[in-house]
Amino acid sequence: MTITRLPDPPTASAVDAWHTVITAAHAHDLPPRVPEPGRVETEGKLRRSSVSGRTVHLAATALDGSYDGVASLLLFAEEGNRHTAFLDVLAVHPRARRRGIGAALWSAVRAELTADGRTSVSTVLEPGGAGEKFAAGLGFENVLALGWYVQNVREASAAHPPAPQLPEGYAYRGWAGVVPDALADAFAQAHNAMADAPAGDTDEQAPSWDADRIRAAAQVIVDRGGVLLSSAVLHTADGSVAAYTELVLRDPSDARALQYDTVVTPAHRGRGLGRAVKRHMLGTVRAERPGVREIATTVADDNGPMLAVNERLGYRRERPAAVFQAELRQPGRG
């Protein structure tokens, strides 16, 4: 077994080998009701890095050329996050576990972090699982408790009108893909309101959004083969975005969509706009994506307002999750 970097761009056989590992690990580690990642998603993430930084893909290669394990590390490029990184994947095929492959992958990941001068790294795991036990042995600690919540689209649509009437002075707007140019600046300003979302003790700072970054982030999803839907509530007096929510299909054939950010900007809170914009999105999904049966999202355990909104819209807690973080001692320090 050797640890190698994936070729850039990855070959079709490398994508297939990678996908085999993560789908096998998914089936072994997660409940059957959680859909496995599609190949479109897998290939997209291997071919197109995040707007947030540079991704390193590592594979534990067996003698026959198959992969026994894989790891993806995102090295943030933003000024305020160049000290930290995010471990997006570290998975070992169930047939190859308890052979030291996970430890070998972590050693290679740690070498990348050290070489790049990173002093911390975070990842998302399910508390109580084998992943947490492995991570705890490496010094990872739970710094932000989360939950996965799932909404049944058909049931929620039957229980709630597609889009409630908004207070005077507000209007709905929706689009697919990259934000229209006329809304880009206002949409970026609304994204910056995410800075006050619960973040626990994570080292990662909320990025600063502008129109260029908004467009680039949306284009990454599109380039990966996914679908991005956005619903917004505009304040008609000044054209600002008072609230928005984003929905992603990482593979167009997915039956479960992922709810990304939902934000109400501080000046417009207390008017029911968060619930309204999510119901507007629900109507869009029913009309434009009839194959989507569920919408899943993560919410921090201490984000009471969003938990209340989601509960009223029929979201139910599916399973726990958490952000785990490890502090890294650099050579010659401490």
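The structure contained in this document is the topic of the report that follows. (Residues numbered from 1 in each chain as written. Predicted model: local features only at pLDDT ≥ 70, side-chain atom pairs only at ≥ 80, totals over all residues. Heavy atoms only, no water.)

Digging into the packing of helix 1 (residues 12–29) against helix 2 (residues 39–47)
Following both chains from N to C, one finds helix 1 and helix 2 inclined at 120°, their axes separated by 10 Å at the closest point. Our classification of the angle between helix 1 and helix 2 gives oblique. Handedness of the helix 1/helix 2 crossing: right-handed. Contacts from Ala 12, Val 15, Asp 16, Trp 18, His 19 and Ile 22 in helix 1 reach Arg 39, Thr 42, Glu 43 and Leu 46 in helix 2. (Axes fitted to C-alpha atoms, helices over the stretch in contact; angles between N-to-C directions. Helix = DSSP H or I, 4+ residues; strand = E, 2+ residues; numbered from the N terminus. Parallel < 35°, antiparallel > 145°, perpendicular 65-115°, else oblique. Left-handed = near helix turned anticlockwise from the far one by under 90°. Contact = heavy atoms within 4.5 Å.)

Notes on helix 3 (residues 101–115)
In this model, helix 3 (15 residues) spans 21 Å end to end at C-alpha, consistent with the 21 Å of a helix rising 1.5 Å per residue. Those residues of helix 3 lying buried are Ile 101, Gly 102, Leu 105, Trp 106, Ala 108, Val 109, Glu 112 and Leu 113. All buried residues of helix 3 project into a common sector of 160° when viewed along the axis, lining one side. Count one or two residues on from helix 3 and you reach Gly 117, which has phi positive near 75°. (Expected span 1.5 Å × (residues − 1). Buried < 20%, exposed > 50% of the residue type's maximum accessible area, 1.4 Å probe, protein only. Arc of directions from axis to C-beta.)

Thoughts on the environment of Thr 297
Following the sequence through the fold, Thr 297 ends up in strand 11 (residues 294–300). With 19 residues separating them along the chain, Thr 297 and Arg 316 place their C-alpha atoms 10 Å apart. Setting aside anything within four residues of it in sequence, one finds Thr 297 in contact with Gly 147, Trp 148, Tyr 149, Gln 259, Tyr 260, Asn 310 and Tyr 315. Separated by 3.3 Å, the side chain of Thr 297 and the backbone oxygen of Gln 259 make a polar contact. (Polar contact = N/O pair within 3.5 Å; in protein donor to acceptor, adjacent residues only side chain to side chain.)

Observations regarding the packing of aromatic side chains
Each aromatic ring pair is summarised here by two numbers: the centre-to-centre distance and the angle between the ring planes. One pass over the full model with this rule turns up 3 aromatic pairs. Ring centres 5.5 Å apart and planes at 65° place the aromatic pair Trp 106 and Phe 140 in the edge-to-face group. Placement of Trp 106 in helix 3 and of Phe 140 in the loop between helix 4 (130–136) and strand 6 (141–152) is noted, with a sequence separation of 34 residues between them. Phe 140 sits in the buried class, given a relative accessible area of 6%. Judged by centre distance (5.0 Å) and plane angle (85°), the ring pair of Trp 175 and Phe 187 falls under edge-to-face. A residue pair is termed long-range when its members are at least 10 positions apart, and Trp 175 in strand 7 (residues 170–176) and Phe 187 in helix 6 (residues 181–191) qualify at 12 residues. A single burial state applies to Trp 175 and to Phe 187, both of which are buried. Three or more aromatic residues link up through ring pairs in this structure, and these residues are Trp 175, Phe 187 and Tyr 244. Arg 213 extends its terminal NZ or CZ atom over the ring of Trp 209, reaching a point 4.7 Å from the ring centre. (Phe/Tyr/Trp six-rings, centres within 6.5 Å; stacked < 30°, edge-to-face > 60°. Lys NZ or Arg CZ within 6 Å of the ring centre and 35° of its normal.)

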